[in-house]
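# A look at the structure
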Amino acid sequence: MPLDPARTVDELRELREVTGDEDGAQRVAWTDTWERAREWLRGKVAGTGAAEEIDEGGNQWFTLRGESERALLIGGHIDSVPNGGWLDGCLNVMAGVEVLRRIAEEGDPSVTVRLVNWADEEGARFGRSLFGSSAAAGSMADQDELRGRRDTNGIGLPDALREHGVDLDGALAARRQLESAAAYLELHIEQGPVLESLDLPLGVVLGTFGVERHQVTWRGQAAHAGSTPMDRRRDALAGAAKLALEIRNIAREVGDGAVCTSGNVVCRPGIVTSVVETAEQLLDQRHLDADRLAQMLALARDASERYAGEEDVEVAWARIWRIEPILFDDTLIGFADEAVREVAGESHRLPSGPLHDAAEVSRAGVPTVMLFVQSLRGLSHTKLEDTRPEHLELSVRALDALTRRAASWVAGGGGR
Ligand SMILES: [Zn+2]
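First, a word on what this report is: a plain description of the structure on this page.

Secondary structure summary: the protein chain contains twelve helices and 15 strands in total. In terms of overall dimensions, the protein chain is globule-like: its C-alpha atoms have a radius of gyration of 24 Å, near the 22 Å expected for 416 residues. Expressed as lengths along the three principal axes of its C-alpha atoms, the size of the protein chain is roughly 80 × 45 × 40 Å. Taking all 416 residues of the protein chain together, the buried fraction comes to 55%. For the protein chain, the proportion of contacts with a sequence separation of at least 24, taken over those separated by at least 6, is 79%. For the protein chain, the exposed area adds up to about 17100 Å²; of that, 47% sits on carbon and sulfur atoms. For the protein chain, the distance from the average site of its 46 positive side-chain charges to the average site of its 70 negative ones is 2 Å.

Next up, the structure:
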């Protein structure tokens, strides 16, 4: 049996049994349960003969040597959020194991194929996502800040990493892992409702959204709720409220998948008997196109100035974080389309709202593509996360079909 997708579904259920509880998956990176999951994975890969290595960033690599040193990478992450789902991250790890088995059984691959289980994709314990992949990509630049990070029990990040054999200061040495990388493939659950709404099992990911995150601070004047006439108020919340509604129009106007979220507004003094003096609003804007993202930001800024005038308040913007859109490789997107059509008949291209390890690998200059498989109800990061078993099996077949195409491309000199 060269490829057995039903085995992948069985193994994912087994992993859920071994590392989850009644609240969901508990494979939080840098914990004993996570270590147990890595040990379990080691056992699953053993039969393929792939050589294991854990790198300086804590990433777990399994390498099947081929005629060429140039490597085709397949990546996922076995870590989860607390009370997480049974598929996020580990689907691709286990689908990748199945592909390795197929290649090992066929014997003598033309190119080297490597499965990587990235360390701490979720950042659930210390709030630092994409740890292992950013170390391997060489983009990790926040070691000084990370040194001071603590979990909710007060345990420092460097100490927790050391228990799992990782020295924070040496993590960037994992960069050597990508030196031979010719291409990178990642399958993931969609974690959104788009494919389900189109009634399609699989989609091809064009890239990951660029993100602009700001704190918008509105300043008015605290005043007595009883004695201040309505036309004399300088209400900071009024500006925030108008902007929270306007960003919907902005997203609609800019279009092509644009999303904007006003995730929180903290009001001061925050009592029922006072007009709001300051409102600190959090704004997240995302688009796959850098120019459109910039346009969304400009439109929101202009609108905020207008509302500040209307409400006689002040508004100030401070950037919290940003990242450029990351576009995947055109040739690999083409292969992914073919692979999805081969196994499912119809393909669909879509952007990814969440960031993934694939974004880090792509940023490092390795041609990259992702496949999405439908998520039921669009739910993820909860034990309710689910995908139909037949769709999971299709996704394993699609990853395999993509791997075949990418491997012959790399063998023929394609990729980096
Ligand atoms: Zn994930």
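Bridge analysis of strand β3 (residues 51-54) against strand β4 (residues 60-64) gives four bridges, and the strand direction is antiparallel. Looking across to β4, one finds that E53 is bridged to W61. Here β3 folds back onto β4, and the loop between the two strands holds five residues, one of which, G58, carries a positive phi near 90°.

Another point: the sheet that holds strand β9 (residues 210-219). Strand order in the open sheet formed by four strands is β10-β11-β9-β12, and the pairing between neighbours is antiparallel. Each having just a single partner strand, β10 (259-268) and β12 (314-323) make up the two edges of the open sheet. Along the sheet, successive strands turn relative to each other by an average axial angle of 15°, direction set aside. As defined by bridge partners, β9 adjoins strand β11 (residues 278-287) across ten bridges and the pair is classed as antiparallel. Each residue of the ladder has a partner; that of Q215, found in β11, is L282. Taken strand by strand, helix α8 (residues 236-254) contacts β9, β10, β11 and β12, and its axis lies near 10° from that of β11. On top of the sheet, helix α9 (residues 290-311) reaches β9, β10, β11 and β12; it is set at about 155° to β11, its chief contact.

A few words now on the packing of helix α3 (residues 90-106) against helix α12 (residues 389-411). At their nearest, the axes of α3 and α12 sit 10 Å apart, and the two run at 55° to each other. Between α3 and α12, the angle is such that the two are oblique. Handedness of the crossing formed by α3 with α12: right-handed. Note on element contacts: α12 touches α3 through L392, S395, V396, L399, D400, T403 and R404, opposite L91, N92, A95, G96, E98, V99, R102, I103 and E106. Residues of the contact of α3 with α12, tallied by class, amount to seven nonpolar, four polar and five charged.

A word on the coordination of the zinc ion. Looking at the zinc ion, the protein donor atoms are H77 (NE2), D88 (OD) and H188 (NE2), and they sit 2.0 to 2.2 Å from it. In terms of primary sequence, the donors binding the zinc ion are separated according to H-x10-D-x99-H. Of this pair, H77 sits in the loop between β5 (68-76) and α3 while D88 sits in the loop between β5 and α3, and the two are eleven residues apart along the sequence. Residue class for D88 comes out buried when judged on its relative accessible area of 4%.

This paragraph deals with the packing of helix α2 (residues 32-45) against α3. It is the contact of α2 with α3, at a shortest axis distance of 10 Å, that shows an interaxial angle of 20°. The pairing of α2 with α3 is recorded here as roughly parallel in orientation. Crossing of α2 against α3: the hand is right-handed. Seen from α2, the contacting residues are W40, L41, K44 and V45; seen from α3, they are V93, M94, V97, L100 and R101. Taken together, the residues that form the contact of α2 with α3 break down as seven nonpolar, no polar and two charged.

Examined against the element boundaries, G24 turns out to sit in strand β2 (residues 24-25). On a C-alpha basis, the gap between G24 and A318 in space is 37 Å, while along the polypeptide they are 294 residues apart. With residues near it in sequence (within four places) discarded, G24 still touches N83, G84 and K383.

With that settled, the discussion passes to α3. The end-to-end C-alpha distance of α3, which contains 17 residues, comes to 24 Å, matching closely the 24 Å that a straight helix rising 1.5 Å per residue would cover. When you tally the buried positions in α3, you get 14 out of 17 residues, the bulk of the element. In the stretch just after α3, G107 is the one whose phi turns positive, near 80°.

Here we come to a nonpolar patch on the surface. Together, L282, I320 and W321 give the surface a local cluster of nonpolar side chains, amounting to about 250 Å² of exposed area. Position of I320 relative to the elements: it lies in strand β12. With a relative accessible area of 47%, I320 lands in the partly exposed category.

Taken as a whole and assessed by the stated rule, the structure comprises five aromatic pairs. Their ring planes at 75° and their centres at 5.7 Å tell us that F335 and W409 sit as a pair that is edge-to-face. With a gap of 74 residues between them, F335 in helix α10 (residues 330-344) and W409 in helix α12 connect regions that are remote in the sequence. Among the aromatic residues, those joined into a cluster by ring pairs are W30, W34 and F131. Against the face of W86 rests R16, its NZ or CZ located 4.5 Å from the ring centre. One residue, R38, lies across the ring of W34, its end atom 4.0 Å from the ring centre.

Reading the values: the criteria
- Numbers given to residues run from 1 along each chain, matching the order in which its sequence is written.
- Under the rules for a predicted model, residues below a pLDDT of 70 receive no local features and side-chain atom pairs below 80 are neither given nor counted, while totals for whole chains, interfaces and linings still include all residues.
- The side-chain quantities take in all heavy atoms of the structure and omit both hydrogens and water.
- Here a helix means four or more residues in a row that DSSP labels H or I, a strand means two or more in a row labelled E, and each is numbered from the N terminus.
- Restricting the calculation to C-alpha atoms gives the radius of gyration, and the globule rule supplies 2.2 Å times the number of residues raised to the power 0.38.
- Exposure categories follow from relative accessible area, calculated using a 1.4 Å probe and restricted to protein chains: below 20% of the type maximum is buried, above 50% is exposed, and the middle band is partly exposed.
- Pairs of residues are marked as contacts when any of their non-hydrogen atoms sit within 4.5 Å.
- To be clear on the numbers: accessible area is Shrake-Rupley with a 1.4 Å probe, and residue cover counts the displayed protein chains and nothing else.
- Residues counted as positive are Lys and Arg, residues counted as negative are Asp and Glu, and His and the chain ends are not counted.
- Note that the charge is assigned to NZ on lysines, CZ on arginines, CG on aspartates and CD on glutamates.
- Should DSSP find at least two bridges between two strands, the strands are regarded as paired.
- Helix axes are fitted only over the stretch in contact, all axes being lines through C-alpha atoms; the angle between N-to-C directions runs from 0 to 180 degrees.
- When describing relative orientation, an angle under 35 degrees is termed roughly parallel and one over 145 degrees roughly antiparallel, while 65 to 115 degrees is termed roughly perpendicular and anything else oblique.
- Helix crossings fall into two classes, left-handed where the near helix is turned counterclockwise from the far one by less than a right angle and right-handed where it is turned clockwise.
- Each residue receives one of three labels: charged for Asp, Glu, Lys and Arg, nonpolar for Ala, Val, Leu, Ile, Met, Phe, Trp, Tyr, Cys and Pro, and polar for the others, Gly being one of them.
- Note: metal donors comprise N, O and S atoms at 2.8 Å or less from the metal (3.2 Å for Na, K and Ca); water molecules are not included, so apparent gaps in a site are possible.
- In this scheme, a helix's expected span is set at 1.5 Å multiplied by one less than its residue total.
- Note on patches: the residues involved have over 30% relative accessible area and no salt bridge, like charges join within 9 Å, and the nonpolar side chains Val, Leu, Ile, Met, Phe, Trp and Tyr join within 5 Å.
- Salt bridges are defined as contacts in which a side-chain nitrogen from Lys or Arg sits within 4 Å of a carboxyl oxygen from Asp or Glu.
- To pair, rings of Phe, Tyr and Trp, with the six-membered ring standing in for Trp, must have centres within 6.5 Å; the planes then decide the type, stacked if under 30 degrees apart, edge-to-face if over 60, and tilted in the middle.
- Charge-over-ring placement is defined geometrically: NZ (Lys) or CZ (Arg) within 6 Å of the ring centre, and within 35 degrees of the ring normal.

Just geometry here; none of it tells us what the structure is for.
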